[in-house]
Amino acid sequence: MTPRLAQRQPHRQRGAALLLLVAVLGLGAASLLINAFDRNTGEAERQQRTLATLAQAREALLGFAATQGRLPRPAASALDGRERAADCADDAECSGFLPWVALGVAGTDAWGKLLRYSVTPEMARAPIVSSSAIANRVVLERGARGELAFVAGQVQCDVSAQCLPLVLFSQGKDHYGTAASGVAQVNTARGNIDEAANDSASRSFIARPASGNGALPGGAFDDMLAWITLPTLYQRMRAARNLP
């Protein structure tokens, strides 16, 4: 081997090693990006499936009211998707889990948590007398400065200023919620007061964009809410000739 060739060989070896290192690092970075993309895509798909499940539940609730002349009561328990047997004595008793067996729909969201459901007691008893029945569920949102404002309903619900007959929601991926096995998920966040409010609410609920930022007013939030307005409910029931 000539001296010049002997000098070139180590340079070539070092260059090949450097290229190999760059290739390995590139594959590692690409793998991280792909995994992150897959996680984001998977989470978005779960959100879309949950929205579809809520939409199906909403339609089933309207169908139930059209045939039964009332809305269903909440589920008997986390393990029993039939509606509870007794009438609701108050707002708290009419707040619980969606009665998925009674409605013939999925009872869980895409994260395996039971869907929550709260119905005005008067709307869960037949017949609903439209001239005097008062829907009393409300939904609020947070403004730019953290103040709460009504999205649906108002402070005082009455015959001339109706609120909502029902609210249903998913408690999202994180923090609160109850699995289909009946086991409640422990809240590991701090300051997520809006999620805490929804978890214990029986009449007033909060809807806002999802965020993992605990510093925002109301804290981290990933609940997904849906509701039915009273005109929509009455229109479906009247079409079925099941509203006095």
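Since the model is a prediction, treat every value here as computed from it, not as a measurement. (Residues numbered from 1 in each chain as written. Predicted model: local features only at pLDDT ≥ 70, side-chain atom pairs only at ≥ 80, totals over all residues. Heavy atoms only, no water.)

Engineer: Go over helix α4 (residues 230–239), please, and point to the residues and values.
Structural biologist: At 3.6 residues per turn, the α-helix brings residues three or four places apart onto the same side. Listed as buried for α4 are Leu230, Leu233, Tyr234 and Met237. End-on, the buried residues of α4 take up no more than an arc of 95 degrees, which puts them together on one face. Residues of α4 that are exposed and point over 90 degrees away from its buried face: Pro231, Gln235 and Ala239. Directly beyond the C-terminal end of α4, a positive phi value near 55 degrees is found at Arg241. (Buried < 20%, exposed > 50% of the residue type's maximum accessible area, 1.4 Å probe, protein only. Helix = DSSP H or I, 4+ residues; strand = E, 2+ residues; numbered from the N terminus. Arc of directions from axis to C-beta.)

Engineer: Can you lay out the environment of Asp194 for me, pointing to particular residues and giving the numbers?
Structural biologist: Secondary-structure assignment places Asp194 in helix α3 (residues 193–200). Along the sequence, Asp194 and Asp223 sit 29 residues apart, while their C-alpha atoms lie 9.1 Å from each other. Only 2.8 Å separates the side chain of Asp194 from the side chain of Arg142, close enough to count as a polar contact. (Polar contact = N/O pair within 3.5 Å; in protein donor to acceptor, adjacent residues only side chain to side chain.)

Engineer: Summarise the nonpolar core; cite the residues concerned and give the values.
Structural biologist: A general trend in soluble globular proteins is that nonpolar side chains are found buried together. With 37 residues, the main nonpolar core has Leu61, Leu71, Met123 and Leu233 as its most contacted residues. For this core, the secondary structure elements donating two or more residues are α1 (3–68), α2 (100–103), β2 (116–119), β5 (166–170), β7 (224–228) and α4. Here this core takes seven residues from α1, the largest share from any one element. Other than its neighbours up to four places away in sequence, Leu61 contacts Leu71, Pro72, Leu98, Leu103, Tyr117, Leu166, Leu168 and Ile228. (Core = buried A, V, L, I, M, F, W, Y, C linked by side-chain atoms within 4.5 Å. Contact = heavy atoms within 4.5 Å.)

Engineer: Could you give an account of the pattern of salt bridges, naming the residues involved and the relevant values?
Structural biologist: A complete count under the given rule lists 12 salt bridges for this structure. Here Glu43 ties to Arg46 by a salt bridge, and the two come within 3.6 Å at their closest N and O atoms. Placement of both Glu43 and Arg46 in helix α1 is noted, with a separation of three residues, approximately one turn of the helix. Where Arg70 meets Glu83, a salt bridge forms, and the shortest distance between an N and an O atom there is 2.8 Å. Of the two residues, Arg70 sits in the loop between α1 and β1 (95–97) while Glu83 sits in the loop between α1 and β1, which places them 13 residues apart along the sequence. According to the relative accessible area criterion, Arg70 is buried, its value standing at 13%. One connected set of salt bridges, linked through shared partners, spans Arg70, Arg73, Glu83 and Asp87. (Salt bridge = Lys/Arg side-chain N within 4 Å of Asp/Glu carboxyl O.)

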